[in-house]
Structure formats: C-alpha cells, structure tokens
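Listed here are the chains, written in short residue letters.
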2 protein chains.
Amino acid sequence: MQNISTYVKDNKQRFIDELIELLKIPSISADSAYKEHTFNTADAVAESLKKAGCDNVEICPTDGYPIVYADKIIDKNLPTVLVYGHYDVQPPDPLDLWHSPPFEPVIKPTDSHPEGAIFARGACDDKGQMYMHVKAMEFMTKNNCLPCNVKFMIEGEEEVGSVNLGKFVKENREKLANDVILISDTGMIAKDVPSITTGLRGLSYVEVEVTGPNRDLHSGLYGGAVANPINVLTKMIASLHDENNHITIPGFYDKVEELSQEERAQMAKAPFSLDAYKKSLDIDAVYGEAGYTTNERNSIRPTLDVNGIWGGYIGEGAKTVIASKAYAKISMRLVPNQDWEEITQLFKTHFENIAPEGVKVLVKPHHGGQGYVTPIDSVGYQAASKAYEQTFGKTPIPQRSGGSIPIVSLFEEQLKSKTILMGFGLDSDAIHSPNEHFGVWNYLKGIETIPYFYQYFTELHK
Amino acid sequence: MQNISTYVKDNKQRFIDELIELLKIPSISADSAYKEHTFNTADAVAESLKKAGCDNVEICPTDGYPIVYADKIIDKNLPTVLVYGHYDVQPPDPLDLWHSPPFEPVIKPTDSHPEGAIFARGACDDKGQMYMHVKAMEFMTKNNCLPCNVKFMIEGEEEVGSVNLGKFVKENREKLANDVILISDTGMIAKDVPSITTGLRGLSYVEVEVTGPNRDLHSGLYGGAVANPINVLTKMIASLHDENNHITIPGFYDKVEELSQEERAQMAKAPFSLDAYKKSLDIDAVYGEAGYTTNERNSIRPTLDVNGIWGGYIGEGAKTVIASKAYAKISMRLVPNQDWEEITQLFKTHFENIAPEGVKVLVKPHHGGQGYVTPIDSVGYQAASKAYEQTFGKTPIPQRSGGSIPIVSLFEEQLKSKTILMGFGLDSDAIHSPNEHFGVWNYLKGIETIPYFYQYFTELHK
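What counts, and at which threshold
- Residues numbered from 1 in each chain as written.
- Chains lettered and ligands numbered in written order.
- Predicted model: local features only at pLDDT ≥ 70, side-chain atom pairs only at ≥ 80, totals over all residues.
- Heavy atoms only, no water.
- Helix = DSSP H or I, 4+ residues; strand = E, 2+ residues; numbered from the N terminus.
- Buried < 20%, exposed > 50% of the residue type's maximum accessible area, 1.4 Å probe, protein only.
- Contact = heavy atoms within 4.5 Å.
- Axes fitted to C-alpha atoms, helices over the stretch in contact; angles between N-to-C directions.
- Parallel < 35°, antiparallel > 145°, perpendicular 65-115°, else oblique.
- Left-handed = near helix turned anticlockwise from the far one by under 90°.
- Nonpolar A, V, L, I, M, F, W, Y, C, P; charged D, E, K, R; others polar.
- Least-squares fit on C-alpha atoms with pLDDT ≥ 70 in both.
- Domains from an automatic or database assignment.
- Buried area = accessible area lost by both parts, 1.4 Å probe.
- Salt bridge = Lys/Arg side-chain N within 4 Å of Asp/Glu carboxyl O.
- Phe/Tyr/Trp six-rings, centres within 6.5 Å; stacked < 30°, edge-to-face > 60°.
- Polar contact = N/O pair within 3.5 Å; in protein donor to acceptor, adjacent residues only side chain to side chain.
- Pairing = 2+ DSSP bridges.
- UniProt positions renumbered as here; feature names shortened; annotations may be inferred.
- Expected span 1.5 Å × (residues − 1).

*Asks:* What exactly am I supposed to notice about the environment of B:Leu259 here?
*Replies:* Residue and element names in this part refer to chain B. Among the structural elements, Leu-259 can be located in the loop between helix H7 (229-238) and helix H8 (261-268). The buried category is assigned to Leu-259, whose relative accessible area is 13%. The sequence separation of Leu-259 and Asn-172 amounts to 87 residues, and the corresponding C-alpha distance is 36 Å. Dropping the residues within four chain positions of it, Leu-259 is found in contact with Arg-264, Met-267, Ile-300 and Arg-400.

*Asks:* So what exactly am I meant to see when it comes to the packing of helix H7 (residues 229-238) of chain A against H7(B) here?
*Replies:* Geometrically, a packed helix pair is captured by the angle between its two axes and the distance between the axes. Where H7(A) contacts H7(B), the two axes come as close as 8 Å, and the packing angle between them is 110°. As far as their axial angle goes, H7(B) and H7(A) are roughly perpendicular. Two packed elements cross with a definite hand, and for H7(A) against H7(B) that hand is left-handed. Along the contact surface, H7(A) presents A:Thr234, A:Lys235, A:Ile237 and A:Ala238, while H7(B) presents B:Thr234, B:Lys235, B:Ile237 and B:Ala238. Split into classes, the residues belonging to the contact of H7(A) with H7(B) amount to 4 nonpolar, 2 polar and 2 charged.

*Asks:* What is the right way to read the relation of the copies chain A and chain B from this model?
*Replies:* The two chain copies are connected by a rotation around an axis plus a translation along it. Screw-axis analysis of chain A against chain B gives a translation of 0.0 Å along the axis, an RMSD of 0.1 Å, and a rotation angle of 180°. Here the two chains are linked by the operation of a two-fold rotation axis. When the interface residues of chain A are mapped onto chain B, 99% of them are again interface residues, pointing to one common binding face.

*Asks:* Mind showing me how you'd approach the domain arrangement of chain A here?
*Replies:* Interfaces are often sized by the amount of accessible area the parts lose when they come together. Residues and elements named next belong to chain A. With domains assigned, chain A is organised as domain 1 (3-200 + 371-461) and domain 2 (202-256 + 302-369). The centre of domain 1, based on its C-alpha atoms, is set 35 Å off from the matching centre of domain 2. Listed per partner, the contact involves 11 residues of domain 1 and 7 residues of domain 2. Taken together, the two surfaces of domain 1 and domain 2 that pack against each other cover about 680 Å², and 58% of this comes from carbon and sulfur. Per-residue buried area on domain 1 facing domain 2 is highest for Gly-371, Ser-404 and Pro-406; these three make up 53% of the total on that side. Our count for the domain 1 to domain 2 interface comes out at 0 salt bridges.

*Asks:* Mind showing me how you'd approach the packing of aromatic side chains here?
*Replies:* Centre distance and the angle of the planes are the two values used to describe a pair of aromatic rings. Throughout the structure, instances matching the rule amount to 34 aromatic pairs over all chains. For the pair A:Tyr84 and A:Phe411, a centre-to-centre distance of 5.4 Å together with 70° between the ring planes defines the contact as edge-to-face. With A:Tyr84 in strand S3 (residues 80-86) and A:Phe411 in helix H13 (residues 407-415), the pair connects residues that are 327 residues apart, well separated along the chain. Exposure class is identical for A:Tyr84 and A:Phe411. Each is buried. With a centroid separation of 5.2 Å and an interplanar angle of 15°, the aromatic rings of B:Phe347 and B:Phe351 are classed as stacked.

*Asks:* How should I be thinking about the interface of chain A and chain B in this particular structure?
*Replies:* Between chain A and chain B, the residue contacts involve 92 residues of the former and 92 residues of the latter. When chain A packs against chain B, the two sides together hide about 7800 Å² of surface, and 52% of this comes from carbon and sulfur. Inspection of the region where chain A meets chain B yields 2 salt bridges. Of the charged contacts, one joins B:Lys360 and A:Asp282 as a salt bridge, the two residues approaching to 3.9 Å between their closest N and O atoms. At the junction of chain A with chain B, the criterion picks out 54 residue pairs in polar contact (both at pLDDT 80 or more). Residues belonging to the side of chain A that touches chain B are distributed by class as follows: 36 nonpolar, 35 polar and 21 charged. As judged from the 5 bridges shared by strand S11 (residues 303-312) of chain A and strand S11 (residues 303-312) of chain B, these two strands associate in the antiparallel manner. The partner of A:Trp310 across the bridge, within S11(B), is B:Trp310.

*Asks:* Could you clarify how one ought to interpret the environment of B:Gly312 in this entry?
*Replies:* By the secondary structure assignment, B:Gly312 is in strand S11. Overall, the relative accessible area of 31% leaves B:Gly312 in the partly exposed class. When the C-alpha atoms of B:Gly312 and B:Gln338 are compared, they prove to be 35 Å apart, with 26 residues separating the residues in sequence. The residues contacting B:Gly312, other than those within four sequence positions of it, are A:Asn307, A:Gly308, B:Ile230, B:Ala323 and B:Lys325.

*Asks:* Explanation requested: the pairing of S11(A) in the structure shown.
*Replies:* Residues in a regular strand point their side chains to alternate faces of the sheet. Residues and elements named next belong to chain A. Across the 10 residues that make up S11, a large majority, 9, are buried. In the sheet, S11 pairs with strand S13 (residues 325-334) via 8 bridges, with the strands oriented antiparallel. Across the sheet, the residue bridging to Leu-304 is Met-332, located in S13.

*Asks:* What should I look at first to understand unusual backbone geometry in this one?
*Replies:* A cis geometry characterises the amide bond from A:Asp93 onward to A:Pro94, with omega recorded as 5°. With phi around 70°, A:His432 is a residue other than glycine that occupies positive phi space. Given the relative accessible area of 3%, A:His432 is considered buried. Located in the positive-phi region is B:Asn56, a residue other than glycine, with phi close to 45°. Among the structural elements, B:Asn56 can be located in strand S1 (residues 55-60).

*Asks:* Help me out: how do you make sense of the UniProt feature "domain: Peptidase M20 dimerisation" (unreviewed entry) in chain A in this one?
*Replies:* Here the UniProt feature "domain: Peptidase M20 dimerisation" (unreviewed entry) sits at residues 199-358 of chain A. Span residues 199-358 of chain A is 30% helix and 22% strand, its end C-alpha atoms 43 Å apart.

*Asks:* Is there a simple way to explain the sheet that holds S13(A) in this structure?
*Replies:* For sheets, the rule is that strands pair by backbone hydrogen bonds, running either parallel or antiparallel. Strand order across the open sheet formed by 8 strands is S14(A)-S9(A)-S13(A)-S11(A)-S11(B)-S13(B)-S9(B)-S14(B), with antiparallel pairing between neighbours. The two strands at the open ends of the sheet, each matched to only one other strand, are strand S14 (360-369) of chain A together with strand S14 (360-369) of chain B. Each neighbouring strand pair of the sheet contributes to a mean axis angle of 20°, computed without reference to strand direction.

*Asks:* Which parts of the structure should I look at to understand helix H3 (residues 127-142) of chain B?
*Replies:* In an α-helix, one turn spans 3.6 residues; hence positions three or four apart end up facing the same way. With 16 residues, H3(B) extends 22 Å between its outermost C-alpha atoms, agreeing within 8% with the 22 Å of an ideal straight helix rising 1.5 Å per residue. For H3(B), the buried fraction is high: 15 of the 16 residues fall into the buried class.

*Asks:* Would you mind going over H7(A) with me for this structure?
*Replies:* All names here are of chain A. Among the 10 residues in H7, 9 count as buried, and that is most of the element. Among the residues making up H7, those that are buried are Pro-229, Ile-230, Asn-231, Val-232, Leu-233, Thr-234, Met-236, Ile-237 and Ala-238. Between a side-chain oxygen at the N-terminus of H7 and the backbone nitrogen of Ile-230 the separation is 2.8 Å; the capping residue is Asn-228.

Printed below as a string of structure tokens:
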C-alpha cells in the first residue's frame, strides 16, 4: 500500500478543490432557513460516493434530513467496516467574528498549520474529516486494494442531536451489519502527537423558560415589587453549581464513573501546557470543578454550561423594563454510566423545584445521548494504532474527549459493534467557533492513514 | 372658567384626532433607525404649540434630538409656569405581544376605560399627557383666560436619560426662569381616586460585559475547564441580592431615607388590593425586599433589576457552544438622598471586584438621575390639589411613585423652582409595555383640570 502517499501527492489539489466545493453549501441543520442547501449537500455527498467507486448509493429519506448510504461488498467472508460521518454543520454565528465568510472557503497558514488550513464552517466538523474517507475509498477502488467490505452512513442531523438516525439504524440493522464502525469526527493531541479517542462524553441539552408577570412592565412602577424573571433565572442558574463548582442537582453524580489513580496518572502523561492553553484562549486562569485538572475537567468529569441566555431589552440604548419572560439553553456533558434521559429528568425536576413563588418555569428537553468508552485491546483499536504508526512514525496515545457523538453508544446497542474514533483535527481548529478550519496537512494525512486501517483490520480480524 | 368643560365637550373629537396623528410618528429615541421620525415629531409639536397660541416657538438643536421651546408672556409681574414634557417614546418591542401595531393608534374599551382608550406607544408616556397641556393652552388663549405667563420645554430624549437637556437648562437659565414647573408624566391611583405624585425614584442604568475565552468554544471540548461567561454572569448578578432581597453592594443603603412609622402608616392608607394586583399580572405571589409592603417596595425603597440579558446561541434549535462574551443591562431605582453617580460608581467597583479569575468585566454607565420629593404645603401643590377638587370633586392623595424623571431634581438645582407632577395615567395603562394606552376620559379630564391649576396658582402666588 506504499503508493497511497504517491496517490495523495498526485491528487492533492483535486482533493482540496473537491472539499472546498462541498464546504460552499451552507448545510446548517439547526436553522430551517437552510433546508434546501442541506438537502443539496446530501445529493453532493451521494454523488461523491458514486465517483469513489461505491455501489448501491442511496439517499434515504427520514422525517428530517436524509441519510446517505453506500456500500461495496467484495466478499461476504471478509470483514465489513461501517464508516459514519455527517454532512450538516453548526450555525456560523457570531458572523462578525469571522475573518472570511463561513461558506466561502479560503486557505491561509496558521501557527499550527504553516502549510495552510482551509477556513470554512464544517471544514473540520465534519465535512473535511468525512471526505477523507470518501477519498481513501477512491484510492482503494481505483488501485484495486480494497481489502474488505465497506459501508457508508453519512447523516445530516448530527449537530441537532441525530434526531432521526436512531430510527433509521433500528430499522436497518441487517443493511448496516458490520464488524467495526469507523468515525473521524474528533481530534488528535498535536500533529506530532497522534492520538485515538477512546472515550466520549454524553449530552443532555435543555431549554428553560421563566415567566413572571403576564406582560413586560415599567421597572420604575413595578421594580422591587414583583419577581423579575431575568433576576430569578440568574439566581436559579447560579445555584446549579456550588462554591467548588460541583453541580448541585440531586443524584447528578450517582452513576459517575470514578477513574482510578493509575488511570488518572496515565491521562496526566499526555503532553499539555497550561500556559499555552491559557494563552491560546487569552484567559488569565482556568476555572472548573475543584480537585480535578483541566484535562480531567473536560473529559472524565460531567459539566453543566449555559449555551445561550436571553430576555428583556437587548437592543441599542436603554429600556427600563421588567421582562415577562427569560430564557436559557443549557447543556450537560455526561460521562460513561450517566444515562442522559435520567439526567434530563433529574434536571427538570430540580429546576422546577427551585423556582421561587411568583414565577412559572418550563423545561423543554432538546436532545441528548450517552457517553462511550472503547477498549484499547480491541482489534479495531489495534488496527487504528498500527495505521497511525505507518503514517506518523509513532504509536498514537489513547485519549478521552470531552465532546459527544451521541449515536456511538446507540450503534453499539443496535449493531453490536465497537466504534473506532480516528480524528485528525486539532483543538485549535475552532470547530463550533468563528473561523473554523482544517489543516491541509491533516486532511491529506487522514486520507493517507485510513487505507492502512482497512488493511490491518482485515489482517487482525480472524 | 366654567366653560372649559363645555369647550372640551365641543372639541373632543378634534382633540382625539390631533393626538392620534402625533402618535402615528415612531419617535423612538433609543433606536437610531428612527432618527428622522423623531426629528419630525419635534416639528409637529412646535406646530401644535403655535396653533395653541404660543409666541416664540423655537426648535432648539442639541447634540441629540432637539428641544421644543415656546412661551406666552402676558405680564412680567404675573407668575410664570414652565411646562415640561417629552415627545420621544420607548421602543415598542416585543412587537408580537401588541394586539394592534404600536404606531397605528386604535380606540378600544378596557376594564378601566369602558368609554375607550387610545392604544399606541406613547399614548400615555408621554405624548398624550404632554398634549393635554397644549390643548389646555389652546383653551386659555382662545378664550382670553390665560391668568399668567407660560413657557413650554418639550424634549425628545427622556427615554434615553435626557442626555442633552441638562446642558440646555444650564445654558438657558434666564429663558427658562419660572415660578413653578408643571409636568404630566406620572399616574394617579384610580379614576375615582385622584392623586398627585410627591416623590420620584432616582435611576442608575448600566450595561455590563463579561468576557471569557477570546472566541466561542465547543462546549464539549472546553466545557468544565474554562470560565463560561454566561454562567459567571448569572453568578455575579445573583449575588447582587441576598436571601432577604437586600442589595449586597457595599454602601448602597448608606444614604437611603428611612421613612417614619407615621409616614409609612399614611402610605398604607392609599387604596390597594394585593389580590387585584396579583390577578392583573397573573402571578401567584409578589416578591421583594423583606420587611416592606408592595407599595413600599416600589416607591420608597431602592431596587436593582436586570432589564435585559444576552449571550451565546439564542437562535432556533441547539448549539453546543461556550460564548466568548455575555451581556446584561441593569438598572437601579434610587430613593431621595442616594446620589446616582455615587451609586453607579459603587456598582462598578463592586461588580468588578466580584469577577472571578478567568473573566474580564466591563461596566458601562448608561445614564441616571436623582430622586425627588416635593412638599405638600407648597403653593404649587396646593394649586394642583384645588384644581383636582374642581374637576374630580375630591381632594387628591399625595403619592410616591417608583418611576424616575431624572431631570426634576436638575430643574430644582438649576432653576430654583419646585416641580408639580399632575399625572392622569393609570398603572394599568401599560406604559413601557406592549399595548400601552391612555383613557379618553383621562385625556379629556387632564385638559379640563390643567387651566384650574393656572388659575389657582396665580391666585395663591403672592
């Protein structure tokens, strides 16, 4: 398979151009205004899979955005790899913080990517990383070196909680049957420190609404005499953490997996510079749960963050008003063993209980998913590890990620197979933020590494 | 002066039509998008004062919106009344809660106004109440019964803190010289319970900005490890009140005027139904500072309310982001003796002090003004009281208002004269709220009562 590196070199510009075309389509699944673009993106992905040599390319309708399926079955006796990815992207706002329009991709060098990075919403999460698999497939079919069977399942609702994927997977167990699931939707520690994500956090996302008086009121005539829903909401949210930044929801920590000192010692070995971390975020101090390091706080510990808050007058100038309603979007990142539906219920009950007299509280669950851990002694992990050794020249480090890919645990439950998370992005790639980008080097390195995974997995899978 | 009631009856429809025309112009001083409309409103007011028989009508430019001045000097030896009002209005949002467009006035009956009320932004605050004085002037000039000199000063920046009025007053002390200032920009207890406002609260309005990381972050990768500016802002705001709803800013209460038990007993005599109050706001309980009644909380006690809050993703659906910045607009209502600039400084210092490591805090003072109390034994108060007796058939009750008209104390300081607050609106008129309205009965009653004030003030002023 030596010729993969040559193939990548020879086709480098085309690989970049094709990805750029895909990035131009604003497939924002959270905003219905982009509905048509999101559907068009599914068509483009299907087309690219056909060109890559897949058979049975289908655009499977759902109640939301379609799931693109494709496969190439070369021998029923060979193992099957199921590749999962998503073609939808996060909303790009705040737009004014982008240095170039989010859907007009440009290539610029950065400190981490001196050879250039592609700037666009979805460049890394997940169009770029998903497309690495399409191009790796192209290489294997064009060069007749596909060692096993392959199936692709690319969805368009990952950024809104994969609301229709679960139903699709349950109804298509046979069609999706596989020996391992391969996903590139995570990151690695550094370009010279390859890593494989072995753990993901779960998620519970809710929206809360606090209603005080039945109309907006003059803050002079009513100020001090009625519950101000914004003041009340801030009190309620503030009370969700204690002075040690532990979450105060009763029962929240009951099932949290406590890592052993050895495991924590292992984690601590991953290269990490707190100063560089603070510098990159321009903060004078980190902040979080007492008793845990930064890398533990954002990977093995559950968290509660307000993702959005609004209420009252937020326009130009001043308005002396007491709003009738205040709102917040709140998400909790969960660790293995915490059940997201149970946590959502605990939150709802607690938040309703702490509402003071004089206001009404509504808690609307948005979506969620379970956390996940994959064993490093599995065939899939070993195959991935050897693939990285081939292309990076060093053994990757197993790493827990703070992010969530809710459907990973669903896959295991429904398809009875483990998922391998081969991520090629960097933390500094600003996914979910303005100026998201993906290093050209990382993109090409991913395309180069993936075929080795197929080779080693087929060899090791006996 | 008996013929005033006849005059009002005969001209009722015209008085209503003229006010409706004025209400159609969206003079939103807080929003620069309405700049032209706001300037046009000044022209319309000036025109109406000319028609009412004023001399020397001027549109005086300022660094912001112009101040309309007009006068009629009949005899230097007679007393002079200075009428103040404002032609700008509050922003109308939230628009979706209006039952009819805020700048397309309609007349509909309400429980408090069975004979009909004019629904429009500014109907009561303050175009309607200001225009009562224009029409009362028209009556007195047309019927040659103006008993004294009159000056009008109608500004266009009251809803944004009268930012340029202070300079104008300081530079025009001579021109504005008067024996009493008359303002209708407050309310009365009920249509059958006339009242005169003897106290106003001061105001300090600030905007705060909390900055965490230098960009929006993925809440999975960073959640729990960095200070989330929204979580931090809620903690900071929540800490501004203790468990008794006392404000925790050091020094905040140092100069607060404490009323005697007798004064509080007097206040308690004003007719008030807590059940009706809760019912009208659709709340199951009132809320406020421990140890004080509802009427005390919103008049003689200082308060702190969040008027607006925003940060993070507030669009449709879900976005798992940690925002870089969070904002809030916060106003404090102050009582006599509290200096608004001193309180603003106390707030700024305290808010900056309670910011945790990991965030930067910016406090931007918006505007403010001092509280005010007028003695009920003054000639102006007595004249107003007798005027109400004439038209309402009963003696008005002196009442403290929770609202603020910051310039009232400025007038006393610069022009050395007392202000009389003859308000004809009702609490239920929803000023600053959607569906603001002003009772037709109240509007006409105001026009009828004002000339009597001129008569009695001239008689009593020796």
